[in-house]
Amino acid sequence: MADPKGFLKHSRADAPKRPTDERLGDWHEVYAALSTEDRNEQVSTQAARCMDCGIPFCHSGSAGCPLGNLIPEWNDMVRRGQWEAASDRLHATNNFPEFTGKLCPAPCESGCVLAISPEAGGAVAIKRVEETIAEVGWENSYVSPRITEEHTGKRVAVVGSGPAGLAAAQQLTRAGHEVTVYERDDRIGGLLRYGIPEFKMEKSALDRRLAQMREEGTKFVTGCEVGADLTVADLRAGHDAVVLAVGALRGRDDTTIEGRELDGVHLAMEHLVPSNKELEGDGPTPISAEGKHVIILGGGDTGADCYGTATRQGALSVTQLDNYPQPPTERDDELSPWPVWPYVLRTYPAHEEAGERKFAVAIESFVGDGEGRVRAVRLRHVEVSRDENGRRQVVPVSGEVEELPCDLALLAIGFEGVERMPLLDGLGIELTKRGTIGSGSNWETTAPDVFVCGDAHRGASLVVWAIAEGRSVAHAVDSHLMGTSELPSPVHPTALPLAV
């Protein structure tokens, strides 16, 4: 069993980061390279802090990991130096642990029993252990293609190649089906490829997984807009089932802000996607922050991605704006009691590098330079409330107006759901009021033999939920085609994280 006093012997230690000036000079991941021996020793020590709780909330689907990762088991294996066994146990529940280890905000750590009280020293560094298990697996060839020898003769199309689509495709391929993934972009990966900056996850991590999937038999078609380049009729005729994993990429805009139409004001993805394409060798981005004063509206993950991208491009200044007041630095049990996701200030590595954040402010207007380009923003201090119908209101609380220079403004204020596309029209699928694609209890949409998973079904969410839904829809499709399935199904279509 685990060492029940491990957390008393060892303090939590996150992975060390490279110096700030070094990070700003390149696009490599922010964490420092350690020798294999030092890395494994440090991570084994961190894994020893796990108590193997009687009720491990860390892998609860509602309060912790929706994948059901058996965290105490692989923590103890790492503590004992049993890396191959840990890799097997981790991959039993997660197709892509290096993705979640790098990108997931770790609801498992919020649900860790050691997160109840600061006196316990903080949650087990689960993300760090998870990512290291994945890397050790690759380094020692514990990870290899799993090629099935039995084939069902059934053909499945997966539309979209983000984490949900890739997880569904890999599971269905391993079940013996002939799977083809269709992607409208020129490369496979969806937001993993073009939404996530290189400094958060180098694309070599994605490419090696895709190589594994190709060896297993999954086929990929790029540059194909289903419903246009491939008709819906041909899609249906060529496949026994279809999985929609098209994401929720319709960015939220705010056209009510005066001056929104000025050149230099963009949605966040208009900045991130071409910036990532530049790093793929596709030529300079048309929307660079180099030599500019950058204003980012929105305090979430996408805003932080824009923040780190802008500083690396050579912005003169970067300021991130949030309508809400600055959150507390520690969990407030009245607002978010353990084990729910805590309402706390989240500081990303990008925030440590340059720039500043302003809270409880909103953009009153964008100011032009007289030639159609933005040159400044005017800010007001605000308070966020709800009206009698529950609608969000952002109300100014003073008459004071602050003006900041701005040559590039990026709106990172969320996503409104699935983009309008000919595929959905051809299938006769209507979006829900939330802008998502609805499903029944078996993940099937209103179109027969057509299933949905990931952000397209849930709305913009975490990478770990995308993978969980991809695995679950694979079980549903396999059952639909074969009458039964041995594939795991970690979440139900109606599953939600535990919340107050």
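Residues numbered from 1 in each chain as written. Predicted model: local features only at pLDDT ≥ 70, side-chain atom pairs only at ≥ 80, totals over all residues. Heavy atoms only, no water.

Here we look at the nonpolar core
Worth spelling out the cut-off: Note on terminology: a nonpolar core comprises buried Ala, Val, Leu, Ile, Met, Phe, Trp, Tyr and Cys residues joined through side-chain atoms within 4.5 Å. Burial here depends on accessible area, computed with a 1.4 Å probe over protein chains only, as a share of the maximum for the residue type. Under 20% is buried, over 50% is exposed, and the range in between is partly exposed. Labels follow the DSSP assignment, with helices taken as runs of H or I lasting at least four residues and strands as runs of E lasting at least two, numbered in each case from the N terminus. What marks off one domain from the next here is an automatic or database domain assignment. The contact criterion used throughout is that any non-hydrogen atoms of two residues lie within 4.5 Å.
If you look at the biggest cluster of nonpolar residues, it comprises 67 residues, and the most contacted ones within it are Leu-166, Val-243 and Val-477. In terms of residue count, helix α17 (residues 463-482) provides more of this core than any other element does, 11 residues in total. When we break this core down by domain, the ones giving at least three residues each are domain 1 (6-140) and domain 2 (155-249 + 416-482). Look past the residues within four positions of Val-243 in its chain and what remains in contact with it is Val-156, Ala-157, Val-158, Val-159, Ala-168, Leu-172, Phe-451, Cys-453, Val-473 and Val-477. Counting residues in each nonpolar core, the second largest holds 22 residues, with Val-159, Leu-423, Val-452 and Ala-456 among its members.

Description of the domain arrangement of the protein chain
We apply this condition: Throughout, the accessible surface (probe 1.4 Å) given up by two parts as they are put together, summed over both, is called the buried area. Put simply, a salt bridge is a Lys or Arg side-chain nitrogen that is within 4 Å of an Asp or Glu carboxyl oxygen. N or O atoms within 3.5 Å of each other form a polar contact, as long as, within protein, one can give a hydrogen and the other can take it, and as long as residues adjacent in sequence are counted only when both atoms are side-chain atoms.
As assigned here, the protein chain comprises domain 1 (6-140), domain 2 (155-249 + 416-482) and domain 3 (255-413). Each of domain 2 and domain 3 has a C-alpha centre, and these two points are 30 Å apart. Carbon and sulfur atoms supply 51% of the area buried between domain 2 and domain 3, which totals about 1,100 Å² over both sides. In terms of surface lost to domain 3, no three residues of domain 2 exceed Arg-187, Tyr-194 and Phe-199, which account for 51% of the buried area on that side. Put simply, domain 2 and domain 3 have 4 salt bridges between them. In this structure, the salt-bridge partner of Arg-187 is Asp-282, at a minimum N-O distance of 2.8 Å. One can count 4 residue pairs in polar contact (both at pLDDT 80 or more) joining domain 2 with domain 3.

Re the packing of aromatic side chains
Filter applied, for reference: Under the pairing criterion, centres of Phe, Tyr and Trp rings, with the six-membered ring standing for Trp, must be within 6.5 Å; the plane angle then separates stacked pairs below 30 degrees from edge-to-face pairs above 60, leaving the rest tilted. Only when the NZ of Lys or the CZ of Arg is both within 6 Å of the ring centre and within 35 degrees of the ring normal is a charge said to sit over the ring.
Under the definition given, this model contains 3 aromatic pairs. Between Phe-57 and Trp-338 the ring centres are 4.8 Å apart and the planes differ by 65°, which places this aromatic pair in the edge-to-face class. Of this pair, Phe-57 sits in the loop between α3 (36-47) and α4 (71-79) while Trp-338 sits in the loop between β7 (317-322) and β8 (356-359), and the two are 281 residues apart along the sequence. When its relative accessible area of 27% is taken as the criterion, Phe-57 is described as partly exposed. Over the ring of Tyr-194 we find Lys-277; its NZ or CZ atom is 5.1 Å from the centre of that ring.

Describing the UniProt feature "domain: FAD/NAD(P)-binding" (unreviewed entry) in the protein chain
Inclusion rule: UniProt positions are given in the numbering used here, feature names are shortened, and annotations may be inferred rather than shown by experiment.
UniProt annotation of "domain: FAD/NAD(P)-binding" (unreviewed entry) refers to residues 155-335 and 383-470 when read in the numbering used here. Taken as a whole, residues 155-335 contains 33% helix and 17% strand, while its terminal C-alpha atoms sit 48 Å from one another. End C-alpha atoms of residues 383-470 are separated by 39 Å, and the span's content is 20% helix alongside 28% strand.

Examining helix α8 (residues 126-139)
The following threshold applies: The span one expects for a helix is its residue count, reduced by one, times 1.5 Å.
For α8, with 14 residues, the first-to-last C-alpha span of 20 Å sits near the 20 Å given by 1.5 Å per residue. Along α8, 11 of the 14 residues are buried, which leaves the element largely enclosed by surrounding structure. Restricting attention to buried positions, one finds in α8 the residues Ile-126, Arg-128, Val-129, Glu-130, Thr-132, Ile-133, Ala-134, Glu-135, Val-136, Gly-137 and Trp-138. Those residues of α8 that are buried lie in contact with α3, α4, α5 (83-91), α6 (97-103), α7 (107-110) and α11 (204-216). A positive backbone phi angle near 60° is found at Ser-141, which sits one or two residues after α8.

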